Amino acid sequence: MQKIELSVCYMVKNEAANLPLSLKSIKDAADEIIVVDTGSTDATKKIAASFGARLFDFPWCNDFSAPRNYAIEQAKGEWILFLDADEYFPEPLNRGKLLEYLKTLPDKDVVLLLLRNIEPQGDINRWNTNWCLRIFRNIPELRYQGRIHENIARQDRQLQVAYAPEKFCLLHTGYAGELSKEKSRRNLKLLEAAIAEEGWQPGDDYYLMDCYFGLQEYEKAMQHAKNFLAGDCFAYGGDSHVYHMILECMRALKMADAEMLQWAEEAGRKHPTLPEFYAERGMILCGLGRLPEARQQLIEALLHYEQHTADKKQESYFSPLVAAKTAARLGEIAMYYDDAEEAAIWFRQAMAYCDTDENVTAKVKKFLEWAEDKGIMP
């Protein structure tokens with residue numbers, strides 16, 4: 001009988017639109033595929049069966065951990081890869097390379113995979129990243145905890161965690177547009193119920209921050225973000241996402257640039273290798289009219305981006321689109337100083353990073369018209 005080394009598990013409901021892509025990306029790597037369905041009314045179960053999955057029904061009970069733990073109980077593999085239906089590997093998962101990597105982790109319980117959130121779906125220039133616990137040993141000591149935002153916990157000691165190489169990166173498409181609001185409402189309701197029944201848990205501020213931000217309740221989101229930073233709760237992807245949320249909330253609330261700059265500077269001190277907080281400072285300094293300082297910070301952001309200096313264990317949102325916006329702003333600063341040659345360099349760079357964003361292409365068009373009016377050939 002063939003040894004079962006890798007079980008791939010899913011907990012699903014009405015995922016017919018997403019599940020095929022995910023299953024295609026893992027079908028050749030899995031020794032077995034286990035799908036626990038919590039009440040689908042579409043073709044989800046039929047699709048799972050077509051990939052040879054072992055199917056199980058589990059009535060939904062307003063608890064994300066319960067069906068996941070039920071799936072674990074059915075798994076026979078030494079390692080479990082647990083995916084959401086809207087997560088997939090950009091290239092089919094290489095079984096040999098994954099198992100070879102896992103053999104280098106004799107002392108580790110769980111493995112975090114880099115998750116790249118693509119929004120909108122299919123646009124490789126727009127993304128943010130975070131680290132998610134997706135692989136773990138199939139042992140009784142490891143089970144999911146938490147009704148909402150469930151994660152693997154170990155009762156007898158602290159989890160021993162590994163961060164997987166980027167070649168095992170996942171793509172995720174589940175939080176785009178209106179779908180984000182729908183999930184935020186659902187998650188907030190479940191989270192509030194869990195807090196009422198079980199009391200406040202470490203990390204609740206983090207999850208409430210994301211819920212309220214998704215619902216565009218920015219003052220509440222910002223307060224929970226600040227509460228999280230003031231506490232001592234640890235996030236696997238670091239706290240760069242929390243600073244990002246604070247700055248985005250302040251921007252949405254049209255708060256003063258001077259106040260925003262204080263938070264951007266604090267974020268930069270905490271995360272000196274991440275390009276995004278140099279760019280944040282540069283954009284804010286533009287608003288304050290401090291253009292020489294802004295230019296320096298924006299250039300620094302692109303240098304860090306080009307040189308790949310970012311701490312790989314930190315979440316990031318400096319995508320090709322953000323790089324394009326940063327370069328375009330440098331082009332606008334050069335235009336302000338009537339330096340057409342430098343402006344042309346930055347706008348070309350912006351288009352090299354991302355040539356599909358309407359805001360960036362509009363700025364390039366404006367530059368070309370400006371150069372033509374001045375009789376300059378950029």
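Just so you know, these numbers come straight off a predicted model, no measurement behind them.

**Q** Can you break down the environment of L285 residue by residue, with the values?
**A** Inspection of the secondary structure assignment puts L285 in helix α10 (residues 275-287). Residues L285 and K108, spaced 177 residues apart in sequence, show a C-alpha to C-alpha distance of 44 Å. Setting aside anything within four residues of it in sequence, one finds L285 in contact with L261, R290, E293, A294 and Q297.

**Q** Can you break down the environment of A193 residue by residue, with the values?
**A** Relative to the assigned elements, A193 resides in helix α5 (residues 178-198). A C-alpha to C-alpha distance of 9.6 Å links A193 and I148, two positions 45 residues apart in sequence.

**Q** Give a detailed account of the packing of α10 against helix α11 (residues 291-307), specifying residues and quantitative values.
**A** Contact geometry for α10 and α11: axes closest at 7 Å, N-to-C directions at 160°. Considering their axes alone, α10 and α11 lie roughly antiparallel with respect to each other. Where α10 crosses over α11, the handedness of that crossing is left-handed. Of the residues in α11, those touching α10 at P275, Y278, A279, R281, G282, M283, L285 and C286 are L291, E293, A294, Q297, L298, E300, A301, H304 and Y305. Looking at the contact of α10 with α11 residue by residue, the class counts come to eleven nonpolar, three polar and three charged.

**Q** A description of the pairing of strand β8 (residues 142-145) should follow, citing residues and the corresponding values.
**A** The side-chain alternation of β8 yields one buried face, formed by L142 and Y144, and one unburied face, formed by R143 and Q145. Relative to strand β9 (residues 151-154), β8 is paired through four bridges, and the arrangement is antiparallel. Residue pairing in the sheet places R143 in a bridge with A153 of β9. Here β8 folds back onto β9 in antiparallel fashion, the turn holding five residues, of which G146 has a positive phi close to 100°.

**Q** I'd like a rundown of the packing of aromatic side chains, residues and numbers included.
**A** Here the structure, examined in full by the defined rule, presents 19 aromatic pairs. With a centroid separation of 5.5 Å and an interplanar angle of 65°, the aromatic rings of F213 and Y218 are classed as edge-to-face. When the centroid spacing of 5.6 Å and the interplanar angle of 90° are considered together, the rings of F234 and Y236 count as edge-to-face. A residue is classified by how much of its surface remains accessible, and Y236, at 24% relative accessible area, is partly exposed. Through a chain of ring-to-ring contacts, three or more aromatic side chains come together here, namely Y243, W263, F277 and Y317.

**Q** I'd like to hear about the side chain of R68, residue by residue, with values.
**A** Its place among the elements puts R68 in helix α3 (residues 65-74). Each residue touching R68, except ones within four places of it in the same chain, is listed here: M11, F82, D84, Y144 and E150.

**Q** Tell me about helix α8 (residues 240-252), and please be specific about residues and values.
**A** Along its 13 residues, α8 runs 18 Å from first to last C-alpha, staying within 8% of the 18 Å computed at 1.5 Å per residue. Of all the 13 residues making up α8, ten are buried; the element is thus mostly covered by neighbouring parts of the structure. Listing the buried residues of α8 in full gives S240, H241, V242, Y243, H244, M245, I246, L247, C249 and M250. Residues of α8 that are buried in the fold lie against α6 (204-214), α7 (218-230), α9 (257-270) and α10. K254 sits one or two positions beyond α8 and adopts a positive phi of about 55°.

Reading the values: the criteria
Residues numbered from 1 in each chain as written. Predicted model: local features only at pLDDT ≥ 70, side-chain atom pairs only at ≥ 80, totals over all residues. Heavy atoms only, no water. Helix = DSSP H or I, 4+ residues; strand = E, 2+ residues; numbered from the N terminus. Contact = heavy atoms within 4.5 Å. Axes fitted to C-alpha atoms, helices over the stretch in contact; angles between N-to-C directions. Parallel < 35°, antiparallel > 145°, perpendicular 65-115°, else oblique. Left-handed = near helix turned anticlockwise from the far one by under 90°. Nonpolar A, V, L, I, M, F, W, Y, C, P; charged D, E, K, R; others polar. Buried < 20%, exposed > 50% of the residue type's maximum accessible area, 1.4 Å probe, protein only. Pairing = 2+ DSSP bridges. Phe/Tyr/Trp six-rings, centres within 6.5 Å; stacked < 30°, edge-to-face > 60°. Expected span 1.5 Å × (residues − 1).

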